[in-house]
Amino acid sequence: MSRTHTVVDSPYGPLTLVATDSVLSGLYMTGQRHRPAEEHFGDPDPRPFGATIHQLDAYFAGDLKDFDLPLHLAGTPFQRSVWEQLCLIPYGETRTYGELADALGNTGASRAVGLANGKNPIGIIVPCHRVIGSSGSLTGYGGGLDRKQRLLAFEKGTPDDALFPAF
């Protein structure tokens, strides 16, 4: 198993992209919770990331709503099922942890869904930022609530503070 990484700029700060055997396996923000130690990212090499960088640029420009990239999602079967559900949340929409648990046929597993959501290794592309609390409020986000608010506002096309003025 070979790992490589590169760092790209974004409107949300530097993003560290990680590939395992040339397939995207990580997208981490600066200061992100559950961010692996740098030594796990492998050698610097931008070559495996051309398509990822192109699609991220198009997303941040507002020209791309759905990512189409091969992903290497390493996690438990339950975590992977949650991450697959995240990819089904349409651009500009949100779901609650309870709604995701229901979609998995696991009513009442909203806490487990939240824990799996928090361990998502490929932020933005696997859109864990689209998950909110049952009251409609912002809840935890590995990249920080300010980034979550900004990503949701960006996707809705509203000012950053219009959706969740106080979190």
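Rules behind the numbers
- Position labels on residues start from 1 in each chain and follow its written sequence.
- This being a predicted model, a pLDDT of at least 70 is required before a residue's local features are given, and a value of 80 or more before pairs of side-chain atoms are given or counted; all residues contribute to the totals for chains, interfaces and linings.
- Side-chain descriptors were evaluated using all non-hydrogen atoms of the structure, hydrogens and water having been removed beforehand.
- Exposure categories follow from relative accessible area, calculated using a 1.4 Å probe and restricted to protein chains: below 20% of the type maximum is buried, above 50% is exposed, and the middle band is partly exposed.
- Every helix listed is a DSSP run of H or I at least four residues long, and every strand listed is a run of E at least two residues long, numbered separately from the N terminus.
- Strand pairing is assigned whenever DSSP identifies at least 2 bridges connecting the two strands.
- Side-chain atoms within 4.5 Å are what join buried Ala, Val, Leu, Ile, Met, Phe, Trp, Tyr and Cys residues into a set we call a nonpolar core.
- For this analysis, residues touch if any pair of their heavy atoms sits within 4.5 Å.
- The working definition used for a salt bridge is a side-chain nitrogen of Lys or Arg within 4 Å of a carboxyl oxygen of Asp or Glu.
- It is the directions from the helix axis to the C-beta atoms that the arc portrays.
- Lines fitted to the C-alpha atoms define the axes, with helices restricted to the stretch that makes contact. Angles between their N-to-C directions range from 0 to 180 degrees.

Chemist: Help me out: how do you make sense of the pairing of strand 2 (residues 15-20) in this one?
Modeler: The side chains of a regular strand alternate between both faces of the sheet. With six of six residues buried, strand 2 lies mostly within the body of the structure. Burial of strand 2 is two-sided: the residues Leu 15, Leu 17 and Ala 19 facing one way and the residues Thr 16, Val 18 and Thr 20 facing the other way are all buried. Inspection of the sheet shows strand 1 (residues 3-8) paired to strand 2 by six bridges, in the antiparallel sense. Paired with His 5 across the strands is Val 18, a residue of strand 2. Linking strand 1 to strand 2, which pair antiparallel, is a turn of six residues; within it Gly 13 sits at a positive phi near 100°. In the sheet, strand 2 pairs with strand 3 (residues 23-29) via six bridges, with the strands oriented antiparallel.

Chemist: What's the story with the nonpolar core in this structure? I'm lost.
Modeler: Soluble globular proteins: nonpolar side chains tend toward being buried together. Ranked by internal contacts, the top residues of the largest apolar core, which has 35 residues, are Leu 56 and Ile 124. Mapped onto this core, the elements with two or more residues apiece are strand 2, strand 3, helix 1 (50-60), helix 2 (77-86), helix 3 (97-103) and helix 4 (110-118). Looking at this core, the element that brings in the most residues is helix 1, giving four residues. Beyond its immediate sequence surroundings of up to four residues, Leu 56 is in contact with Leu 15, Leu 17, Leu 27, Phe 67, Ile 124 and Ile 125.

Chemist: Explain the pattern of salt bridges here, please?
Modeler: Side chains that differ in sign of charge can pair as their charged atoms come close. If you walk through the whole model with that rule in mind, you get four salt bridges. The partner of Asp 45 in a salt bridge is Arg 47, with the nearest N and O atoms 2.8 Å apart. Classification of Asp 45 by relative accessible area gives buried; the value is 14%. For Arg 47, a relative accessible area of 70% translates into the label exposed. One salt bridge connects Glu 155 with Arg 130, and the closest N-O pair in it is separated by 2.8 Å. With a gap of 25 residues between them, Glu 155 in helix 5 (residues 145-156) and Arg 130 in the loop between helix 4 and strand 6 (131-132) connect regions that are remote in the sequence. Classification of Arg 130 as buried rests on a relative accessible area of 4%.

Chemist: It is not clear to me how helix 4 should be interpreted in this structure. Could you clarify?
Modeler: An α-helical segment advances 3.6 residues per turn. Residues three or four places apart therefore align on the same side. Those residues of helix 4 lying buried are Val 113, Ala 116 and Asn 117. An end-on view of helix 4 places all buried positions within 100° of arc, on one side of the element. Of the exposed residues in helix 4, those oriented more than 90 degrees away from the buried face are Arg 111 and Leu 115.

Chemist: I tried to follow the sheet that holds strand 1 on my own but got confused; where do I start?
Modeler: The pairing of strands in a sheet happens through backbone hydrogen bonds and is either parallel or antiparallel. Pairing in this open sheet of four strands is mixed, and the strands run 3-2-1-4 from one edge to the other. Looking at strand neighbours, the two that pair on one side only are strand 3 and strand 4 (43-44), the edges of this open sheet. Sitting on the sheet, helix 1 is in contact with strand 1, strand 2 and strand 3, with an inclination near 145° to strand 2.

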